[in-house]
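# Understanding the architecture of this molecule
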Amino acid sequence: MRMRSVFSRVALLVFAAVVVATGSVLAQESGSGTLRGFLSDLLKGEGQKQLVAPQRDTPERRVPFGQGEIQLSFAPLVKETSPAVVNVYASSTVQVRSPFMGDPFFEQFFGRPQMPPRVRSSLGSGVLVDPSGVIVTNNHVISDADEVKVALADGREFESEILLKDKALDLAVLKISGDDAFPAVRLGDSDTLEVGDLVLAIGNPFGVGQTTTSGIVSALARSHVGVSDFGFFIQTDAAINPGNSGGALIDMRGQVIGINTAIVSRSGGSIGIGFAIPANMVRAVVNAALSGADTFERPFFGASFDPVTAQIAEALGMERPVGALVREIAPDSPAERAGLRPGDAVVAMDGADIQHPDALEYRLVTHPLEEKGVIRVLRDGTTLELNFKLERLSDGEDAKPVTLDGRGPFAGAAIATLAPRLAQRLKLPLNKKGVVVLEVDRRSPAASVGLRPGDIIREVNGIEIEDSETMQVVARDTGRRWDFAVERDGRILRQRLRF
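Just so we're clear, the structure is a prediction, and the values are computed from it rather than from any experiment. (Residues numbered from 1 in each chain as written. Predicted model: local features only at pLDDT ≥ 70, side-chain atom pairs only at ≥ 80, totals over all residues. Heavy atoms only, no water.)

Turning our eyes to something else, we now look at the overall build of the protein chain. Across its full length, the protein chain carries 14 helices and 28 strands. Counting over 499 residues, the protein chain shows a buried share of 42%. A separation threshold of at least 6 residues defines the contact pool for the protein chain, and within that pool the share at least 24 residues apart is 59%. Looking at the protein chain as shown, the accessible area adds up to about 28000 Å², and 52% of this sits on carbon and sulfur atoms. (Helix = DSSP H or I, 4+ residues; strand = E, 2+ residues; numbered from the N terminus. Buried < 20%, exposed > 50% of the residue type's maximum accessible area, 1.4 Å probe, protein only. Contact = heavy atoms within 4.5 Å. Areas by Shrake-Rupley, 256 points an atom, 1.4 Å probe, with all protein chains shown as cover.)

Applying the stated criterion across every chain yields a total of seven aromatic pairs. Centre to centre, the rings of Phe-158 and Phe-182 are 5.3 Å apart; their planes meet at 85 degrees, and the pair counts as edge-to-face. Here Phe-158, found in strand 5 (residues 157–159), pairs with Phe-182, found in the loop between strand 7 (171–175) and strand 8 (198–203); they are 24 residues apart in sequence, far enough to count as distant. Here the two residues Phe-158 and Phe-182 agree in accessibility, since each one is buried. Each ring, one from Phe-233 and one from Phe-275, has its centre 6.1 Å from the other, and the planes form 65 degrees; the classification is edge-to-face. On the criterion of sequence distance, the pair formed by Phe-233 in strand 10 (residues 233–236) and Phe-275 in strand 13 (residues 274–278) is long-range, its members being 42 residues apart. Across the pair, exposure class does not vary: Phe-233 and Phe-275 are buried alike. (Phe/Tyr/Trp six-rings, centres within 6.5 Å; stacked < 30°, edge-to-face > 60°.)

Further remarks concern the sheet that holds strand 12 (residues 256–263). Spatial ordering of the closed barrel is given by 8-9-10-13-12-11, a layout of six strands whose pairing is antiparallel. Each neighbouring strand pair of the sheet contributes to a mean axis angle of 45 degrees, computed without reference to strand direction. In the sheet, strand 10 pairs with strand 13 via three bridges, with the strands oriented antiparallel. Residue Ile-234 lies in a different strand from strand 13, and its bridge partner there is Ala-276. Taken strand by strand, helix 8 (residues 279–290) contacts strand 12 and strand 13, and its axis lies near 50 degrees from that of strand 13. (Pairing = 2+ DSSP bridges. Axes fitted to C-alpha atoms, helices over the stretch in contact; angles between N-to-C directions.)

A few words now on the nonpolar core. By size, the foremost hydrophobic cluster in this structure holds 72 residues, and its most contacted members are Met-281, Phe-296, Phe-301, Phe-305, Leu-340 and Ile-375. The element contributing the most residues to this core is helix 8, with eight residues. In this structure Leu-340 touches Phe-301, Ala-303, Phe-305, Val-326, Ile-329, Ala-335, Val-346, Ile-375, Val-377, Arg-379 and Leu-386, once residues within four positions along its chain are discounted. Counting 20 residues, the second-largest nonpolar core is a separate cluster that includes Phe-410, Ile-465, Val-474 and Trp-482. (Core = buried A, V, L, I, M, F, W, Y, C linked by side-chain atoms within 4.5 Å.)

In the structure shown here, the tally under the stated rule is 15 salt bridges. The residue Glu-159 makes a salt bridge to Lys-149 at a minimum N-O spacing of 4.0 Å. Highlighted residues: Glu-159 in strand 5 and Lys-149 in strand 4 (residues 147–151), separated in sequence by ten residues. Between Arg-327 and Asp-306 there is a salt bridge, with its nearest N and O atoms 2.5 Å apart. Highlighted residues: Arg-327 in strand 16 (residues 324–329) and Asp-306 in strand 15 (residues 303–307), separated in sequence by 21 residues. Residue classification places Asp-306 among the partly exposed positions, given a relative accessible area of 28%. A cluster of three or more residues bridged by salt bridges with shared partners is formed by Asp-332, Arg-337 and Glu-391. (Salt bridge = Lys/Arg side-chain N within 4 Å of Asp/Glu carboxyl O.)

Attention now moves to the pairing of strand 23 (residues 413–417). Summarising burial for strand 23: five of the five residues are buried, a large majority. Here strand 23 shows a buried face lined by Ala-413, Ile-415 and Thr-417 and a second buried face lined by Ala-414 and Ala-416. As judged from the two bridges shared by strand 22 (residues 402–403) and strand 23, these two strands associate in the antiparallel manner. Looking at strand 23, one finds that Thr-403 is bridged to Ala-414. The pairing of strand 23 with strand 24 (residues 435–440) spans five bridges and is classified as antiparallel. Looking across to strand 24, one finds that Ala-413 is bridged to Val-440.

Right, let's get into the environment of Pro-429. Mapping Pro-429 onto the fold places it in the loop between helix 12 (420–425) and strand 24. Given the relative accessible area of 30%, Pro-429 is considered partly exposed. In the structure, Pro-429 is positioned ten residues away from Ala-419 in sequence and 9.9 Å away in space, judged by C-alpha atoms.

Moving on, we get to helix 14 (residues 468–475). Those residues of helix 14 that sit buried are Ser-468, Met-471, Val-474 and Ala-475. Looking down the long axis of helix 14, one finds its buried residues gathered within 120 degrees of arc, a one-sided arrangement. Along its buried surface, helix 14 packs onto strand 22, strand 23, strand 24, strand 25 (456–460), strand 26 (463–464) and strand 27 (481–488). The N-terminus of helix 14 is capped by Asp-467, whose side-chain oxygen sits 3.3 Å from the backbone nitrogen of Glu-469. (Arc of directions from axis to C-beta. Polar contact = N/O pair within 3.5 Å; in protein donor to acceptor, adjacent residues only side chain to side chain.)

Sheet faces and side chains relate simply in a regular strand, where the side chains alternate between the two faces. Counted residue by residue, strand 17 (residues 345–349) has five buried out of five residues, so it is predominantly covered. Here strand 16 runs beside strand 17; their pairing, made up of two bridges, is antiparallel. Directly across from Leu-325, in strand 17, lies its bridge partner Ala-345. Here strand 17 runs beside strand 19 (residues 373–379); their pairing, made up of four bridges, is antiparallel. Residue Met-349 lies in a different strand from strand 19, and its bridge partner there is Ile-375. The pairing of strand 17 with strand 18 (residues 352–353) spans two bridges and is classified as antiparallel. Bridged to Ala-348 within strand 18 is Asp-353. In this antiparallel pair of consecutive strands, strand 17 and strand 18, the connection spans two residues, and Asp-350 shows a positive phi of 50 degrees.

In the predicted model, the protein chain carries a mean pLDDT of 80, and the fraction of residues at 70 or more is 76%. Strand 3 (residues 134–137) holds the highest mean pLDDT among the elements of the protein chain, 95, whereas helix 2 (residues 23–30) holds the lowest, 40. Counted against residues more than four places away or in other chains, residues 10–35, with its pLDDT under 50, gives twelve contacts. (pLDDT = per-residue confidence, 0-100.)

Right, dumping it as structure tokens:
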């Protein structure tokens, strides 16, 4: 028994030596390279194979190399640009309308009721774009403001002057004065932006103080956002909240490539969908203000456009529905002189593709008046290139705005006789005739009866209104009974009242 035990131990040692000596060969043949695999192959036979898990490819990991990589951040960019982002405080006095106003019984015994005025304030952001103190912000931040103050990042406060404001574009230009040059940031070329570019949004959300958020450009040429008539927004996922309006959207070169304007939100806070007005549009408005204009006059082209639908694209032989379909052409306009016709589909301008009518309007508005442009159109299956040159909207025979006075319900409304140039600016059909309301003083009788900018006054007390001169005469009537009709968004609204 003892001899058998010794023999068993010797046999095991010999077997182990054989395994060690032939391990590499057996590993290649069996595909396992382990003693367990070798024994398994011996037990199962040569003909049987087994799936073997592949060796994992572990990605290379390393700690940050050097102090420079550890400290990579946007801090240098923020330090360079944030001093040019300011806070804008606007306040206005609002006349509250009494619920008894217009009640003949109440007014007979108590006179016309008067309510104490109420002070309304708003807070937003702005961007210094010139060392002389020129600031860009949103029009909705300072609209109807009686007083606008600007606070710099270093704590200094200044009274500001409103140089220009445009409701349709939702832009305003302010001016502050000081002894020294102000920190300013340059306007970049927003046409060079691409989806995915890194951006920073700087502003004063919720009034908590200057705040910087980061993100990317999510989309370009966004339209139908609903915050203004402008339809060529930059979309970003950088957090933008109430109070950021008028703040800067900064690219990685430290340039302003957009003015933050609006967000899509269900709760009032950021959900990652924000919109900014492109810097090229902002530049055109600032240049108009620096030239002394108090309003931004759009160049006159003399054509109105509709979107290209899938059905229209199929009829025109287009692969996909893009471009702007010409609806009508004003006589003796740049569009007519260029050879444009109703039914043409504008698919490109100055080398840039046109996706929709808002994109074409943006290209036209930002195109220099002194330079010729080229539009590419699709007509009867043929692609044509047409040269054009824009004119100033203010040129021509348009009637100048007049403000109605008197004691009637139209007092305080600024009106003008409609013409193609004015209709283009107001985005009305070019063939519309009559008198259009341009502005309404919020403390005027015209505001109290519900008149709005864009209303076309058709008839007053049985008199058809064809021009502003007729309207001025009618508005001075001293009667107390008024019956008038206005056209609003294509509908005729009638109103009868005692005033």
